[in-house]
Amino acid sequence: SFGVIADVQYADVDDGYDFSGCRRRYYRQSLTLLQNAVEAWATERPPLSFVLQLGDSIDGLNARRGEAEGALAQVLEVLRRLPVPVHHAWGNHELYNFSRARLARSDLSSRTAGAAAGPPAGDCQAYHFSPAPRFRFVLLDAYDLSTLGREPDSPRYKEALRLLREKNPNDDLNDPAGLQEPQFVEFNGGFSQAQLDWFNEVLKLSDENQEKVVVTGHLPIHPDASDRVSVAWNYQDALSVIHSHHCVVCFLAGHMHDGGYCLDSHGVHHLTLEGVIETPSESNAFGTIYVYKDKMILKGRGRISDRVMHF
């Protein structure tokens, strides 16, 4: 069994609204909801194997206020109370606050938590690990190809900006209005070819070893488990890799705070978790997933519904 949570987006500020001004965000109390999740997970018997934190652990508001380091320290302090490893995906809000180089030196870089090596080149944070025989988890780096967190004079930044401007002619690169491919906004990102090639090799080995694989990352890769905007830039490429193998049973993501779910044409479950940041104090948004030979059962708390996902 393992815990799942997404989009805490903590900041020590009063409640506010999203960029559209329509959706309420509970910045300060999100830390309390994270504490509640950690306390609940600590009572699980038998104990959890690990927890997945699916990105956006702190909000971009912290960067503007000069409070990024303090906010991250508070979130990590809560998560350290867990007696099990925490595996972290990086979201856009981490990258609003920190460079990729700084994140790689922080406790949000969880590749060392019993993980196998990631892609050989560059600073990609993807990796995989096996918590039980014939079961493997792959964490993808959904901002490997992105302008966020990179120096403007770096080759990867220039590559991402060229692609973004090619697909998005709007003055505001976070504006999807009128786009044929509305996922090409700056708050999303994508997977480099090097990461996709590595991912393909990992799944090839899992096929050979008859493993079941759960893939996870901050950005959803199926529009039916999200919306047409809040998916990875080249989500089709990631889906193509998954569908060329038999081992993947589920893809877990955050980013879209309403959550979502679909079972795709190849029998892969796509589950997008509801975000803590838009959860009122009387509720919550986390879950525990129990793994069996032929299914996974999600027991959700608050906004997250129970779900059975058969293999």
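Residues numbered from 1 in each chain as written. Predicted model: local features only at pLDDT ≥ 70, side-chain atom pairs only at ≥ 80, totals over all residues. Heavy atoms only, no water.

As annotated in an unreviewed UniProt entry, the protein carries the name Manganese-dependent ADP-ribose/CDP-alcohol diphosphatase and is attributed to Semnornis frantzii. Recorded in UniProt under Sequence similarities (unreviewed entry), the annotation for the protein is "Belongs to the ADPRibase-Mn family." The protein has a UniProt comment under Cofactor (unreviewed entry) that states "Mg(2+)". (UniProt positions renumbered as here; feature names shortened; annotations may be inferred.)

Examining the packing of helix H1 (residues 30-42) against helix H3 (residues 68-79)
Remark: H1 packs on H3, axes separated minimally by 9 Å, with the N-to-C direction vectors making an angle of 15°. Accordingly, the angle class assigned to the pair H1 and H3 is roughly parallel. In this structure, H1 meets H3 at a crossing whose hand is right-handed. Here H1 contributes Leu31, Leu34, Gln35 and Val38 to the contact with H3, which in turn contributes Gln74, Val75, Val78 and Leu79. (Axes fitted to C-alpha atoms, helices over the stretch in contact; angles between N-to-C directions. Helix = DSSP H or I, 4+ residues; strand = E, 2+ residues; numbered from the N terminus. Parallel < 35°, antiparallel > 145°, perpendicular 65-115°, else oblique. Left-handed = near helix turned anticlockwise from the far one by under 90°. Contact = heavy atoms within 4.5 Å.)

A look at unusual backbone geometry
Omega for the peptide link from arginine 45 to proline 46 comes to -5°, which places this bond in the cis form. Residue placement: proline 46 occurs in the loop between H1 and strand E4 (50-53). Positive phi outside glycine occurs at aspartate 7, with the angle close to 55°. Inspection of the secondary structure puts aspartate 7 in the loop between strand E1 (2-5) and strand E2 (16-17). Taking the relative accessible area as the measure of exposure, aspartate 7 reaches 0% and is therefore buried. Not every positive phi belongs to a glycine, and arginine 134 is a case in point at roughly 65°. Mapped onto the fold, arginine 134 is located in the loop between strand E6 (127-132) and strand E7 (135-139). (Buried < 20%, exposed > 50% of the residue type's maximum accessible area, 1.4 Å probe, protein only.)

Considering the state of the cysteines
In total, this model carries zero disulfides according to the counting rule given. In this structure cysteine 124 is not part of a disulfide, and its nearest cysteine sulfur, from cysteine 247, lies 18 Å away. Here cysteine 247 is not cross-linked by a disulfide; its sulfur's nearest cysteine counterpart is in cysteine 250, at 13 Å. (Disulfide = S-S within 2.5 Å.)

Observations concerning the packing of helix H7 (residues 193-208) against helix H8 (residues 235-243)
Closest axis-to-axis distance for the H7/H8 pair is 9 Å, and the angle between their directions is 20°. Taken together, the axis directions place H7 and H8 in an arrangement best described as roughly parallel. The chirality of how H7 crosses H8 is right-handed. Touching Leu196, Phe199, Asn200 and Leu203 of H7 are Asp237, Ala238, Val241 and Ile242, all from H8. Across the contact of H7 with H8, the residue classes break down as six nonpolar, one polar and one charged. (Nonpolar A, V, L, I, M, F, W, Y, C, P; charged D, E, K, R; others polar.)

Regarding the environment of lysine 299
Within the element layout of this structure, lysine 299 appears in strand E13 (residues 295-302). When its relative accessible area of 43% is taken as the criterion, lysine 299 is described as partly exposed. For the pair lysine 299 and glycine 287, spaced 12 residues apart in sequence, the C-alpha to C-alpha distance is 5.5 Å.

Observations regarding empty space enclosed by the protein
Under the counting rule described, the total for this entry stands at one cavity of 30 Å³ or more. The calculated volume of the largest cavity comes to roughly 100 Å³. His88, Ala89, Trp90, Gln125 and Leu140 are, among the 13 residues lining the largest cavity, the residues nearest its centre. (1 Å grid on protein atoms, 1.4 Å probe; cavity = no way out; pocket = protein on both sides within 12 Å on 5 of 7 lines; lining within 4 Å. Points joined across faces, edges and corners; volume = space filled by probe spheres on them.)

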